[in-house]
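# Fold and contact review
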Amino acid sequence: CESDVNECLSGPCRNQATCLDRIGRFTCICMAGFSGPLCELEVDECQSSPCANGGRCHDLVNGFSCSCPPGFSGPTCQTDMDECASTPCRNGAKCLDRPNGYECRCAEGFEGLLCEHNVDDCSPDPCHHGTCLDGIASFSCACAPGFTGYRCELQLDECHSSPCRNGGKCIDRINAYQCNCPPGTAGRRCQEDVDECGQSPCLHGGVCTNLPGTFGCLCPHGYGGSTCQRDLDDCHPDPCLNGGTCRDGVGTFSCACPPGFGGPRCDTEEDECRSRPCRNGGTCTDYVNSFTCTCPPGWTGRHCQHNVPDCTDSSCFNGGTCMDGVASYTCRCRPGFTGTHCQHPVDGCRGQPCLQGGTCVTTGDTYHCLCPPGYTGTQCQTPRDRCLPNPCLHGAACRSYGGGYECECPPGYVGQECQVEVDECQSQPCQNGGTCIDLVGRYLCSCPPGTLGVLCEINEDDCAPPPGTWAPKCLHNGTCLDGVGGYSCACPPGYTGARCEGDLNECHSRPCHPPGTLACVQGANTYRCLCQPGFTGGCC
């Protein structure tokens, strides 16, 4: 076993490969272009696609060959053949080599495969108002008269030099111009001045003055406007004060004043007291479009024209007739009665009929004598008993006793002989200012107007409307306050007077700011300030 077997003796390696014997084996060293353990495999050199630019590869032993497409050459078709070498492009075009060909990029103004044709820059015609002249990559326009610009697109402005004079308006035409002249001018260039006064344009007697291109009117008073056609509004700004209405005239105005104001501008408050409306000594107080009368005692009414009735049912007694006066009354008594209120019977004692020093006392429509002790008779002419005749007066009973007598007085009388009448008015029983009239054993109350009742304790409602009417005693929503025999009115703001009939003029206090005020307009319990231009606010 000491001898090595030579495995190469059998010639295992192929394709002229060299066999290397080794211990128990062999190795084949292949020729170029072969591979495999026994070098039995030919290497495919086309497998790596060595041919470029679409060339076709042909495999050879230890090599390859390429079949190149048109336009390429070289072992791997790597070389592009330059078709531009012959300078095929014309007119300065740039030649671009392409596979198996070339491309001509023409200079501006040329076209065609070889850039052999000059482009017609006049098609389509670019000139608006002219003839096109073709060049190389360009054109020029020969413009018609009146036009300019690269394409003859601009009309020449013949008005650029301002050919029209006196304010004439220039209208550009083709290769010409037209002047539209303002009134008062004429001519191709408005260079002629027209005498506008020839047609007498000034109205209402205005004087016309011809001016370049126009005219002026000197208007008479009261007119304005370019031709004196406008009657000037003399009511602007409003010259009428206190809410007066302005009526425009020609060069003048008139004011229709509201009630209570007068004067050319209604600036004078009318004095309603000027006509002396208050009668019977009443005092007049002037207000806005109104007045009030403060009546003297005994008179009433808006003009103090009514005499206050002073007579009541209790003024005169015993059927006396009350005669009304001014703040007073008198009683005309029936026969047999006298006194201020007819409360006393007629006194028949004036002739002193009683004798022997007797005292005369009136009784009803007649009289009787109180005789001294020891006398009797109608005139004390007969001596008598102390109780005969009865010495006691006023129907008192006489009680005779030795040496004298005693009188039992009826109610209402006191004294030894019941000669003193008790004054029932001393306790002042009459209320509400009633006058107490003392009578025998009683009294009567003469009630003032507006009260009723035995004691004048009932106060009549003087605020109630008169019978047959619903008119309130107080005007302008005044509140009536009932009094005794009369009433008073609590007037709302802005009004005064006994019946709130007087409207106060709120503008009298000058509440509006004088520098900014045109006028103060008086209203019901208010005022309004008419402001001058440039002033504002409630008081300007």
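Residues numbered from 1 in each chain as written. Predicted model: local features only at pLDDT ≥ 70, side-chain atom pairs only at ≥ 80, totals over all residues. Heavy atoms only, no water.

For clarity, the threshold we go by: UniProt positions are given in the numbering used here, feature names are shortened, and annotations may be inferred rather than shown by experiment.
Under an unreviewed UniProt entry, the protein has the name FBP1 protein and belongs to Herpetotheres cachinnans. Note on the protein: under the UniProt heading Subcellular location (unreviewed entry), the record states "Cell membrane".

### Considerations on the state of the cysteines
We apply this condition: Put simply, a disulfide is two cysteine sulfurs that come within 2.5 Å. Put simply, DSSP H or I for four residues or longer makes a helix, DSSP E for two residues or longer makes a strand, and each gets a number counted from the N terminus. For every residue, the accessible area obtained with a 1.4 Å probe (protein chains only) is divided by the maximum for its type, and the residue is called buried under 20%, exposed over 50%, and partly exposed between those limits.
Applying the stated criterion across every chain yields a total of 40 disulfides. Linked covalently through their sulfurs, Cys197 and Cys208 form a disulfide whose S-S length is 2.0 Å. As the torsion about the S-S bond is roughly -80°, the Cys197-Cys208 disulfide counts as left-handed. Of the two residues, Cys197 sits in the loop between strand S20 (192-193) and strand S21 (207-211) while Cys208 sits in strand S21, which places them 11 residues apart along the sequence. Owing to a relative accessible area of 23%, Cys208 belongs among the partly exposed residues under this scheme. A disulfide bridge connects Cys491 with Cys500, and the sulfur atoms are separated by 2.2 Å. Note on the Cys491 and Cys500 pair: the S-S dihedral is about -95°, so by sign convention the disulfide is left-handed. The class of Cys491 is partly exposed, set by a relative accessible area of 28%. For the unlinked cysteine Cys539, the closest cysteine sulfur is that of Cys529, found at 4.9 Å. With relative accessibility at 34%, the residue Cys539 sits in the partly exposed group.

### Observations regarding the packing of aromatic side chains
Cut-off, in case you're wondering: Pairs were defined over the aromatic rings of Phe, Tyr and Trp, the Trp ring being its six-membered one, requiring ring centres within 6.5 Å. Orientation was assigned from the angle between planes: stacked under 30 degrees, edge-to-face over 60, tilted for the rest.
Here the structure, examined in full by the defined rule, presents one aromatic pair. Ring geometry for Phe139 against Tyr150: centres 5.2 Å apart, planes inclined by 45°, an arrangement best described as tilted. One end of the pair, Phe139, is in strand S14 (residues 139-143); the other, Tyr150, is in the loop between strand S15 (147-148) and strand S16 (154-155), with 11 residues separating them in the sequence. With a relative accessible area of 13%, Phe139 lands in the buried category.

### Details of the side chain of Lys473
Note the following rule: Counting rule for charge: Lys and Arg are taken as positive, Asp and Glu as negative, and neither His nor the chain ends is counted. The salt bridge criterion pairs a side-chain nitrogen of Lys or Arg with a carboxyl oxygen of Asp or Glu, the two atoms within 4 Å. Two N or O atoms count as a polar contact when they lie within 3.5 Å, although within protein this holds only if one can serve as hydrogen donor and the other as acceptor, and sequence-adjacent residues are included solely when both atoms are side-chain atoms. Note on definitions: a residue-residue contact is assigned when non-hydrogen atoms from the two residues lie within 4.5 Å.
On the secondary structure map, Lys473 appears in the loop between strand S46 (458-459) and strand S47 (479-482). The charged side chain of Lys473 is buried without a salt bridge, its nearest counter-charge being Asp462 at 6.0 Å. Within the local environment of Lys473, its side chain forms a polar contact with the backbone oxygen of Asp462, the two atoms lying 2.6 Å apart. With sequence-adjacent residues up to four places away left out, Lys473 is seen in contact with Asp462, Cys463, Ala464, Pro466, Cys480, Tyr487, Cys489 and Arg499.

### Some thoughts on unusual backbone geometry
One can expect most non-glycine residues to show negative phi and most peptide bonds to be in trans. Going from Ser123 to Pro124, the amide bond is cis rather than trans, its omega being -5°. Relative to the helices and strands, Pro124 is located in the loop between strand S12 (117-118) and strand S13 (130-134). Here the residue pair His236 and Pro237 is connected by a cis peptide bond, since its omega of -10° sits within 30 degrees of zero. In this structure, Ala137 is a non-glycine residue whose phi angle is positive, near 55°.

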